[in-house]
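Now for the letters of each chain:
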Amino acid sequence: MPAIWDLPDFDSHEAVYAFDDRATGLKAIIAVHSTHLGPAAGGTRFWHYAEPQAAVTDALRLSRGMSYKNAMAGLSAGGGKAVILANPARTKPQDMLDAFARAVDSLGGKYITAQDVGMSEGDMVSLSKVTSHVAGLPGHGGDPGPYTARGVFLGVQAAAKHALGTDDMLGVHVAIQGVGSVGGGLARYLADHGAKLTLADVDAQRAADLAVELGGNSVAATEIMNVEADIFSPCALGAILTEASVSALKVRAVAGGANNQLATGHEGRMLADRSILYAPDYVVNAGGIINVLRHIENADDAEINRRINAIPERLAAIWAESDLGGKTPAEVADNMAQKLIGR
């Protein structure tokens, strides 16, 4: 196995910490990409990985994404991410959560954790009993999903305006991959604005039930990227835009809430070559972290909403530069973010 700093996704991380608490079974990684703008902030993911190297790659990619996301959202925070390696049964004993909280606390505030896939608001409350370096607690942001969903809706609307010439979603066909907290919230926003919906989820019944509720259609999770639609909105796990999947897309734009949608990065050029507009994911899905980190700058609800409402403006600036300079939207966004974090 190559040294960690030789991995493709290392990208000059400031620090990568590995924790192994044999007494509780905790195995976790905390990746700190940048603290240039403030403490590294990003959620903790609780996930079963087929092999440990995949957990390292996930932590590195997600941490870098948080640096870029927080910078582009104008937050006084750097980027970090934690992953807890779950066993196949995904059991989450209290003593293991306590051990993870001690691991976070040992970094002395260099990393601030929050809720992510596999972790609940209740888990965050539990962690906060051991360490103060927890964001998104009840009364201080709480569940980021609804805020992320609203930001993603604004991003989809902006993509429709740029790719289709209208931000009126009436009759615009959106195919949504993943209808959990974010994708489900997005679907409801779109339905309220008259969009045509095709939904899919690994929980097929959840997608089917939501489709019935909202007057849309549902397809198998394996088929959603083959649906002919105006916009494809990935709202599940990342790395779903591969050479094969991009070649199969039948849409005008991609705009969704999933992190790290481009599997290798080169897919951004493939999308551009096919004249498919891409909305950089860490710009689109910033609503949740904007809300979660409200305590850093003592932001109230009005300020949180103002920042989320700025997502379309950021996207428009990225697409305008892309159209003029020949770089893909992903390249333009990365360049903007790197300048903000001093890279």
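Definitions and limits used
- Residues numbered from 1 in each chain as written.
- Predicted model: local features only at pLDDT ≥ 70, side-chain atom pairs only at ≥ 80, totals over all residues.
- Heavy atoms only, no water.
- Helix = DSSP H or I, 4+ residues; strand = E, 2+ residues; numbered from the N terminus.
- Rg over C-alpha atoms; globule rule 2.2 N^0.38 Å.
- Buried < 20%, exposed > 50% of the residue type's maximum accessible area, 1.4 Å probe, protein only.
- Contact = heavy atoms within 4.5 Å.
- Areas by Shrake-Rupley, 256 points an atom, 1.4 Å probe, with all protein chains shown as cover.
- Lys, Arg positive; Asp, Glu negative; His and termini not counted.
- Charge placed at Lys NZ, Arg CZ, Asp CG, Glu CD.
- Salt bridge = Lys/Arg side-chain N within 4 Å of Asp/Glu carboxyl O.
- Arc of directions from axis to C-beta.
- Pairing = 2+ DSSP bridges.
- Right-handed = clockwise from strand over helix to strand, strands pointing away.
- Axes fitted to C-alpha atoms, helices over the stretch in contact; angles between N-to-C directions.
- Expected span 1.5 Å × (residues − 1).

(A) Seen up close, the overall build of the chain. Secondary structure assignment for the chain yields 13 helices and twelve strands. In terms of overall size, the chain behaves like a compact globule, its C-alpha atoms giving a radius of gyration of 19 Å where 343 residues would be expected to give roughly 20 Å. In terms of principal-axis extent, the alpha carbons of the chain reach across some 55 × 45 × 45 Å. When burial is assessed residue by residue, the chain has 55% of its 343 residues classed as buried. Partitioning the contacts of the chain with sequence separation of at least 6, the portion at a separation of at least 24 is 66%. If you sum the accessible surface of the chain, you get close to 14100 Å²; carbon and sulfur atoms cover 52% of it. A distance of 2 Å separates the average location of the 28 positive side-chain charges in the chain from that of its 38 negative side-chain charges.

(B) Seen up close, the pattern of salt bridges. In the structure shown here, the tally under the stated rule is 13 salt bridges. For Asp20, the salt bridge identified is with Lys27, shortest N-O distance 3.2 Å. You can call Lys27 partly exposed: its relative accessible area is 42%. For Arg307, the salt bridge identified is with Glu303, shortest N-O distance 2.8 Å. A residue pair is termed a helical-turn pair when its members lie 3 or 4 positions apart in one helix, as Arg307 and Glu303 do in helix α11 (residues 301-309) at four residues. Judged by relative accessible area, Glu303 falls into the partly exposed class, the value being 22%. Through salt bridges with shared partners, a single network forms among Arg45, Asp58, Lys81 and Asp116.

(C) Representation of helix α3 (residues 121-128). Residues Asp123, Met124, Ser126 and Leu127 constitute the buried set of α3. One side of α3 carries all its buried residues, which in axial view fall inside an arc of 160°.

(D) The pairing of strand β8 (residues 196-200), seen in detail. Counting buried residues along β8, four of its five residues qualify, which places the element largely inside the surrounding structure. The pairing of strand β7 (residues 173-177) with β8 spans five bridges and is classified as parallel. Considered in β8, the bridge of Ala175 is made with Thr198. Read as a crossover between parallel neighbours, the route from β8 over helix α6 (residues 204-214) to strand β9 (residues 217-218) is right-handed.

(E) A look at the sheet that holds strand β11 (residues 253-254). An order of β9-β8-β7-β10-β11-β12 is seen for the six strands of this open sheet, with the pairing classed as parallel. The strands lining the two open edges of the sheet, one partner per strand, are β9 and β12 (277-278). As defined by bridge partners, β11 adjoins β12 across two bridges and the pair is classed as parallel. When the sheet's bridge partners are listed, Ala253 is paired in β12 with Leu277. Packing against the sheet, α6 makes contact with β8 and β9, and its axis sits at approximately 165° to β8.

(F) Structural context of helix α13 (residues 329-340). The end-to-end C-alpha distance of α13, which contains twelve residues, comes to 17 Å, matching closely the 16 Å that a straight helix rising 1.5 Å per residue would cover. Along α13, the residues classified as buried are Pro329, Ala330, Val332, Ala333 and Ala337. Here the buried residues of α13 occupy an arc of 165° about the axis, which is enough to place them on one side. Buried residues along α13 sit against α1 (52-72), β12, α9 (281-284) and α12 (311-325).

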